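Residue strings, one per chain:
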Amino acid sequence: MAEYVFKIKKGEIEIEISSDEAKFIEDELSKWREDILKQSSN
């Protein structure tokens, strides 16, 4: 069974999300991408 891991780090802050469900990771990445794009357009 595959395990998917999403890890992001900026300075001292590090967030890691892991799951064996590809759909869950895909949804989380989509949320992060939307938030990052919103912040960079401000």
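An account of the accompanying structure is given in this report. Not measured: the values here are computed from a predicted model. (Residues numbered from 1 in each chain as written. Predicted model: local features only at pLDDT ≥ 70, side-chain atom pairs only at ≥ 80, totals over all residues. Heavy atoms only, no water.)

Some remarks on the pairing of strand S2 (residues 13-19)
Logical step 1: With seven bridges connecting them, strand S1 (residues 4-10) and S2 associate as antiparallel partners. Its bridge partner lying in S2, Lys-7 is registered against Glu-16.
Logical step 2: Turn length for the S1-S2 hairpin, with the two strands adjacent in sequence and antiparallel, is two residues, and the turn residue Gly-11 shows positive phi of about 60 degrees. (Pairing = 2+ DSSP bridges. Helix = DSSP H or I, 4+ residues; strand = E, 2+ residues; numbered from the N terminus.)

Concerning the pattern of salt bridges
Logical step 1: Enumeration over the complete set of coordinates arrives at four salt bridges.
Logical step 2: Glu-14 is paired through a salt bridge with Lys-7; the nearest N and O atoms lie 3.3 Å apart.
Logical step 3: In this structure Glu-14 comes out as partly exposed when scored by relative accessible area, which is 42%.
Logical step 4: With its nearest N and O atoms 3.2 Å apart, the salt bridge here joins Lys-31 to Glu-28. (Salt bridge = Lys/Arg side-chain N within 4 Å of Asp/Glu carboxyl O. Buried < 20%, exposed > 50% of the residue type's maximum accessible area, 1.4 Å probe, protein only.)

Structural notes on the environment of Glu-14
Logical step 1: Structurally, Glu-14 is set in strand S2.
Logical step 2: Taking the C-alpha atoms as reference points, Glu-14 and Ile-36, separated by 22 residues in sequence, lie 16 Å from one another.
Logical step 3: Setting aside chain neighbours within four positions, we find Glu-14 in contact with Lys-7, Ile-8 and Lys-9.
Logical step 4: Polar side-chain contacts of Glu-14 include one of 3.3 Å to the side chain of Lys-7. (Contact = heavy atoms within 4.5 Å. Polar contact = N/O pair within 3.5 Å; in protein donor to acceptor, adjacent residues only side chain to side chain.)

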